[in-house]
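Residue-level structure breakdown
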Amino acid sequence: MSRTGTILAALGQLIRDSVHGGLLKVLALLSRLLFFVLVVPVLLAGELTVYIYINSIALIIAIIAIVGMNDELPRIISGDASKARGYFRSSIVLNIVVMLLLLAMSVWPSVPLGVALFGAATIASRFVGGIVRSVDPAVYERLQNLPWVLFIICAVALRLDNAFDLLIARAASTVLVTCYCLIALGRQTHRGARTAPLPLPALFRRARSHGFTKLVSNLSLLGISRAPVLLPVWLAMDADLDPVAFAVAVGEIVVQFGLIPANRAYAVWCRQPPTKLRDWYHAITLSLLLAAALAGLSIVILLIANALQMLPEQAPGNAMLTQALVLYALVSAFYALRYLVWARGVLEYRIVLLSVGMLAGCAVAIRCVDIGMWFAACAVIALIGFGALAVSSRRYFTG
């Protein structure tokens, strides 16, 4: 094949992969929206709070446990299918653990088992994602997006009305897609020798040494996003948290939308590390426009939903929802600016301090202010954190 033909074939494949990934993202985001319209109204009182609480705890534990291995594996494998096959055995073991926990959860539903189940499913999914990401991006897109589609189908079809059934359905959807992705990748890589994998303890140490600061920052930002549900439970505060949990779940969709352009910008910055002052200005502009667009579009959708009376009884008032939408838009802006600084390779520990400081500020705000102002207070803290990062990173960009 000529060089022109090779380039055209590669371009065609890139377009097909992009369309495939884009359609899956749209389906996943639509499924998240349908969760509020079709599933939340059926839930019993208090069950949404329990679901978000267990989901949050399990996600935090999973992020700590996997300690960035899902980001380190693509660099180790580097698209080599024989290296990917070396990690299949570990992936199968992880999925067997999830299946055993699914069985236990269906017999003895409880909060600890729910945390263990969803945490194990998340670890297995992220570990397999690290394996397939550099070998087959199309399979990785399915792994990222199909679990939500299966979950919403299952929840609606079975009319699940409590947190434990939702967790079982969510974990089952995740493990089914994870196993499918392993089988799909295995069919592509069944020929040829299997390269011995890097031992898991060595992989753990390598991931920890390369990504500890990013891990702490990610955990802190996740804590800010979930603090309005986690902290009141831990502090035994007397408050109706279902409306708060609804606002948090809606805010997570805003963050997911915001991460799409932020991640794409980060990929560009990693290929061409930003050093010029104009790069800093572009990043500030991108972050602020992203926050404004997310908040504005979300508020318009909220007004339309109100006009059509689509919001369930668990939904909070317009004031709280609007505050939450602004908070999560600002968190997305912080993500985008943080990616610029990471790509520049500076201020890693200052980002950690800022993230932890923002989390501490949110904790104080939730403890001290009225529940109706929780999201507004956290939004002010997020805005201060964004400004501090913008000012402190300015001197690293010149020319």
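Just above, that's the structure.
These figures come from a predicted structure and were not determined experimentally.

The rules behind each value
- Residues numbered from 1 in each chain as written.
- Predicted model: local features only at pLDDT ≥ 70, side-chain atom pairs only at ≥ 80, totals over all residues.
- Heavy atoms only, no water.
- Helix = DSSP H or I, 4+ residues; strand = E, 2+ residues; numbered from the N terminus.
- Expected span 1.5 Å × (residues − 1).
- Buried < 20%, exposed > 50% of the residue type's maximum accessible area, 1.4 Å probe, protein only.
- 1 Å grid on protein atoms, 1.4 Å probe; cavity = no way out; pocket = protein on both sides within 12 Å on 5 of 7 lines; lining within 4 Å.
- Points joined across faces, edges and corners; volume = space filled by probe spheres on them.
- Nonpolar A, V, L, I, M, F, W, Y, C, P; charged D, E, K, R; others polar.
- Core = buried A, V, L, I, M, F, W, Y, C linked by side-chain atoms within 4.5 Å.
- Contact = heavy atoms within 4.5 Å.
- Phe/Tyr/Trp six-rings, centres within 6.5 Å; stacked < 30°, edge-to-face > 60°.
- Lys NZ or Arg CZ within 6 Å of the ring centre and 35° of its normal.

Okay, helix α2 (residues 47–66) next. Think of an α-helix as turning once every 3.6 residues; residues three or four places apart then point the same way. Here α2 spans 28 Å end to end across 20 residues, near enough to the 28 Å set by a 1.5 Å rise per residue. Within α2, 16 of the 20 residues are buried, which leaves the element mostly enclosed by the surrounding structure.

So, on to the layout of surface pockets. Put simply, the second largest pocket is a space of about 590 Å³. For the lining of the second largest pocket, the elements supplying multiple residues, two or more each, are α1 (3–39), α10 (242–271), α11 (277–307) and α12 (318–344). The biggest single contributor to the lining of the second largest pocket is α11, with 8 residues. Split by residue class, the lining of the second largest pocket holds 19 nonpolar, 1 polar and no charged.

Next up on the list: the nonpolar core. Judged by nonpolar contacts, the single largest core of 112 residues is most densely connected at Phe-35, Leu-166 and Phe-375. Per-element accounting of this core gives the leading share, 19 residues, to α12. Not counting the four nearest positions on each side in its chain, Phe-35 is found in contact with Val-40, Leu-48, Tyr-51, Trp-148, Phe-151, Ile-152 and Leu-166. The next biggest cluster of nonpolar side chains, apart from the first, holds 21 residues, and it includes Leu-73, Ala-84, Phe-88 and Leu-143.

Before going further, it helps to spend a moment on the packing of aromatic side chains. In this structure the tally under the stated criterion is 8 aromatic pairs. With 5.6 Å between their ring centres and 80° between their planes, Phe-35 and Phe-36 make a pair best called edge-to-face. On the basis of relative accessibility, which here comes to 3%, the residue Phe-35 falls in the buried class. Plain terms: the ring middles of Phe-35 and Trp-148 are 5.9 Å apart, the flat faces sit at 85° to each other, and that makes the pair edge-to-face. Taken together, the residues Phe-35 in helix α1 and Trp-148 in helix α7 (residues 137–158) connect sequence positions 113 residues apart. For the pair shown, Phe-35 and Trp-148 are each scored as buried. One aromatic cluster is present, built from ring pairs that chain together Phe-35, Phe-36, Tyr-51, Trp-148, Phe-151 and Phe-246. Here the guanidinium or amino end of Arg-170 rests over the ring plane of Phe-151, the centre of that ring lying 5.9 Å away. The aromatic ring of Trp-280 is capped on one face by Arg-394, whose charged end is 5.9 Å from the ring centroid.

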